[in-house]
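Chain and residue survey
The lines below spell out each chain.
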Amino acid sequence: MRAILRNVSLRSLRVWRRDLDVYLTNWKTEFLPPLSEPVLYVFAFGLGLGSLIHTIHYEGRELTYLRFMAPGIVAVAIMFWSYFETTYSSFVRMYYQRTFDAILATPLLVEDVILGELLWGATKAVIASTIMLGMLALLGLVTWPSALWVIPLSAVAGVLFSALGLVVTSVTKNISSFNLPMFLMIMPMFMFSGTFFPVSILPKWALVIAWCLPLTHVSYLVRAAVLGWPRGPLAVSAVYVAVLAVVLSALALRLMKRRLIQ
Amino acid sequence: MNPAAIIARELTKRYGELEAVRSVSFEVGSGEVVGFLGPNGAGKTTTVRMLCCFLPPTSGTASIHGLDVRERPRDVKWLLGVCPQEDNLDPDFDVLKNLLVYGRYFGLPGRIVRRRALELLEFVALSDKTHVPVQALSGGMKRRLILARALLNEPRVLILDEPTTGLDPQARHAIWTRIRSLRAHGTTVLLTTHYMEEATQLCDRVVVMDDGKILLEGAPLDLVEREVGRTVVEAWNYGEEFVHFMRALPGRLEEVGDRLYFYPKEGDHIERLFEERFPHQERLIRRATLEDVFLKLTGRALRD
Ligand SMILES: Nc1ncnc2c1ncn2[C@@H]1O[C@H](COP(=O)(O)OP(=O)(O)O)[C@@H](O)[C@H]1O
Ligand SMILES: [Mg+2]
């Protein structure tokens, strides 16, 4: 652990600033997806599917399908925006644009680059979830002020999924290889982590697997915050997400360092 | 010689089985301009990348102004300006913004970076491109911008990996002018190049590398004189008789394809000799160059 933390410094924020500056340069195209995505989901699933399934039982309470699903898509956005940033986008910066090489010619070290990317991935999760929360609020699907918990939550979960992305990037030789973990890891989480239906309806064995997946816990926490209905072992989920975030970050630092220094 | 700016001792880099750099030792004096020559795959870039703290050496040591590249990478990189072999400008930013962001990596105050950036854009003749996206720049402009970027931290040592490869003559000369002016201001420069003329024009000293090793080093003109002499004769469309005649002369004879190269020990009278004996032989008598040294040392076989 000591060896991993050596050279970790606030200088990584200079890398983070670079990514933020690019984002702000392209803000018009960057803002559109998180603004439009919830609307699309709400129409397709909420109104489409919701007209078939009127109400749903969740944690001993009955609520409309739309209200149930809305927090799920915020959780999914946290995962997608951070994971995509540190897989496809980081890979483009590392491999095609050689941005990391340029940075490493300055007093910044590999650790600063990796941490900067990690923090930026998490930042994208925060930006996306905040925008989506705003959109869902306009649609009347959010309970205040408990929904504000989503912001710190998306920061921690953003670190988790960014770190997961960097771990994948560290072992990826070419950009098309990202498809495999996408289909084996990210898509199953998307489907089976309580986004579209409560995991409690799964058979016992699948339930055990579902609760191992980080997105299940993130969904669970986001839903509690957005519905304003703090029931159940929220602290356990929060600790699970935080611990995974730390462990995966340490692993990401280690593996990316190995990848960048040959 | 001035105190050494760069010292490398038995520097070695192994990639698995392949030994890309083999126990290379050299020094670059403060204010000196040294060129590393060598065919593709000779190990120039690998050597340079170890000096820039990009690659940890497998064994051996390197230091910049007394700072070990492994122990003090942050401090070493403060002293260096680096132009990498491959363009790595930030395609998402315009020309000026590339410099501003780069200056921020150094932690330099924004005000200072902006002032230096504008001065440097002037220096590399890109002042009228300040807000042009970098994708819109020509190859030569990109190289100039990279040079400007490398100078942002006012480095004491400039490391240029093939600064002019792929550029047209105008663009190449534009870079040369800048390097000469930096030399005049006392900046130490280590550059790698494929262009012998570049090395001859710019460098106080050249180091010839091949196969991960240093074959030879010295001042460009001394090297030429020492290794191949002053004069080279090239001949084509020649007959047996001519070859016989040449063999008898003191010097080194080489036949490459349909061309004959002769490096005479004593070149002063060769012209007159030819006029007398083979006045109609198609030939070229010219001054020896670094290229002749290079080809003598590294052979004429193709490298990729
Ligand atoms: N990352 C790497 N992994 C494996 N081999 C490498 C790597 N980088 C360079 N090489 C090999 O090391 C040798 C020296 O390469 P390089 O230093 O780039 O030569 P030069 O710059 O003189 O053309 C070459 O054979 C090259 O293929
Ligand atoms: Mg090279």
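Residues numbered from 1 in each chain as written. Chains lettered and ligands numbered in written order. Predicted model: local features only at pLDDT ≥ 70, side-chain atom pairs only at ≥ 80, totals over all residues. Heavy atoms only, no water.

1. Thoughts on the UniProt feature "domain: ABC transporter" (unreviewed entry) in chain B
If you check UniProt for "domain: ABC transporter" (unreviewed entry), the listed places come out as residues 6-236 of chain B in our numbering. Note that residues 6-236 of chain B is 36% helix and 29% strand, and that its end C-alpha atoms are spaced 45 Å apart. (UniProt positions renumbered as here; feature names shortened; annotations may be inferred. Helix = DSSP H or I, 4+ residues; strand = E, 2+ residues; numbered from the N terminus.)

2. Some points on the coordination of the magnesium ion (ligand 2)
Residues and elements named next belong to chain B. In this structure, Thr45 (OG1) and Gln85 (OE1) serve as the protein donors to the magnesium ion (ligand 2), at separations of 1.9 to 2.3 Å. Linking Thr45 in helix 1 (residues 44-51) with Gln85 in the loop between strand 6 (80-83) and helix 3 (95-105), this pair joins segments that are 40 residues apart in sequence. By relative accessible area, Thr45 is classed as partly exposed at 24%. Here Gln85 falls in the partly exposed class, since its relative accessible area comes to 34%. (Donors = N, O, S within 2.8 Å, 3.2 Å for Na, K, Ca; no water. Buried < 20%, exposed > 50% of the residue type's maximum accessible area, 1.4 Å probe, protein only.)

3. A short note on the interface of chain B and chain A
Contacts between the two partners involve 26 residues from chain B and, on the opposite side, 25 residues from chain A. In total, chain B and chain A occlude about 2400 Å² of area from one another, counting both sides; carbon and sulfur atoms represent 55% of this. On the chain B side of the contact with chain A, B:Arg74, B:Arg104 and B:Tyr105 bury the most area, a combined 34% of that side's loss. At the boundary of chain B with chain A, the tally comes to seven salt bridges. Here A:Arg18 makes a salt bridge to B:Asp92, at a shortest N to O gap of 3.6 Å. Elements represented by at least two residues in the side of chain B that touches chain A include exactly helix 2 (73-79) and helix 3 of chain B. (Contact = heavy atoms within 4.5 Å. Buried area = accessible area lost by both parts, 1.4 Å probe. Salt bridge = Lys/Arg side-chain N within 4 Å of Asp/Glu carboxyl O.)

4. A look at the site of ligand 1
Taken together, the neighbourhood of ligand 1 is formed by A:Gln262, B:Tyr15, B:Leu18, B:Ala20, B:Pro39, B:Asn40, B:Gly41, B:Ala42, B:Gly43, B:Lys44, B:Thr45 and B:Thr46. Taken together, the residues near ligand 1 originate from chains A and B. One of the side-chain nitrogen or oxygen atoms of B:Thr45 is found 2.7 Å away from an oxygen atom of ligand 1. Surface burial for ligand 1 is 63%, taken as the share of its 560 Å² of free accessible area covered by protein chains. For the shell around ligand 1, the secondary-structure elements that each account for two or more residues are strand 2 (18-29) and helix 1 of chain B. The leading source of residues in the shell around ligand 1 is helix 1 of chain B, at three residues. Here the shell around ligand 1 is built from residues that sort into five nonpolar, six polar and one charged. (Near = heavy atom within 4 Å. Polar contact = N/O pair within 3.5 Å; in protein donor to acceptor, adjacent residues only side chain to side chain. Areas by Shrake-Rupley, 256 points an atom, 1.4 Å probe, with all protein chains shown as cover. Nonpolar A, V, L, I, M, F, W, Y, C, P; charged D, E, K, R; others polar.)

5. Quick word on the sheet that holds strand 13 (residues 259-264) of chain B
Residues and elements named next belong to chain B. Judged by pairing direction, the sheet is antiparallel, and its four strands sit side by side in the order 12-13-11-14 without closing on themselves. Each edge of the open sheet carries a strand with a single partner, namely strand 12 (251-256) and strand 14 (283-287). Here the average twist between neighbouring strands, direction ignored, is 20 degrees. Where strand 12 and strand 13 come together, six bridges link them in antiparallel fashion. Bridge assignment links Leu253 to a residue of strand 13, and that residue is Phe262. Together, strand 11 (231-236), strand 13 and strand 14 form the strand contacts of helix 10 (residues 270-277), whose direction differs from that of strand 14 by roughly 170 degrees. (Pairing = 2+ DSSP bridges. Axes fitted to C-alpha atoms, helices over the stretch in contact; angles between N-to-C directions.)

6. Examining the nonpolar core
Among the nonpolar cores identified, the biggest contains 167 residues, and A:Phe161, A:Val218, A:Val222, B:Ile6, B:Phe26, B:Leu145 and B:Leu290 are the most heavily contacted of them. The element that contributes the greatest number of residues to this core is helix 4 (residues 65-96) of chain A, accounting for 17 residues. Here this core spans two domains, and each of domain 1 (4-219) and domain 2 (230-287) of chain B adds at least three residues to it. In this view, A:Val222 contacts A:Pro71, A:Val74, A:Ala75, A:Ile78, A:Val150 and A:Leu153; residues no more than four positions away in its chain are not counted. (Core = buried A, V, L, I, M, F, W, Y, C linked by side-chain atoms within 4.5 Å. Domains from an automatic or database assignment.)

7. A word on the pairing of strand 6 of chain B
Residues and elements named next belong to chain B. Side chains of strand 6 alternate between two faces, with Leu80 and Val82 and Gly81 and Cys83 buried alike. In this sheet, strand 7 (residues 157-161) lies alongside strand 6 in parallel orientation, the contact comprising four bridges. The residue bridging Leu80 from the neighbouring strand is Val157, located in strand 7.

8. Some remarks on the UniProt feature "domain: ABC transmembrane type-2" (unreviewed entry) in chain A
Per the UniProt record, "domain: ABC transmembrane type-2" (unreviewed entry) is found at residues 29-259 of chain A. Regarding residues 29-259 of chain A, the helix share stands at 74% and the strand share at 3%, and the terminal C-alpha atoms are separated by 31 Å.

9. Describing the side chain of B:Thr192
Residue and element names in this part refer to chain B. Secondary-structure assignment places Thr192 in strand 8 (residues 188-193). Note on Thr192: relative accessible area 0%, which makes it buried. Sequence-distant contacts of Thr192, defined by excluding residues within four places in its chain, comprise Phe36, Lys44, Val48, Leu160, Asp161, Glu162, Pro163 and Glu198.

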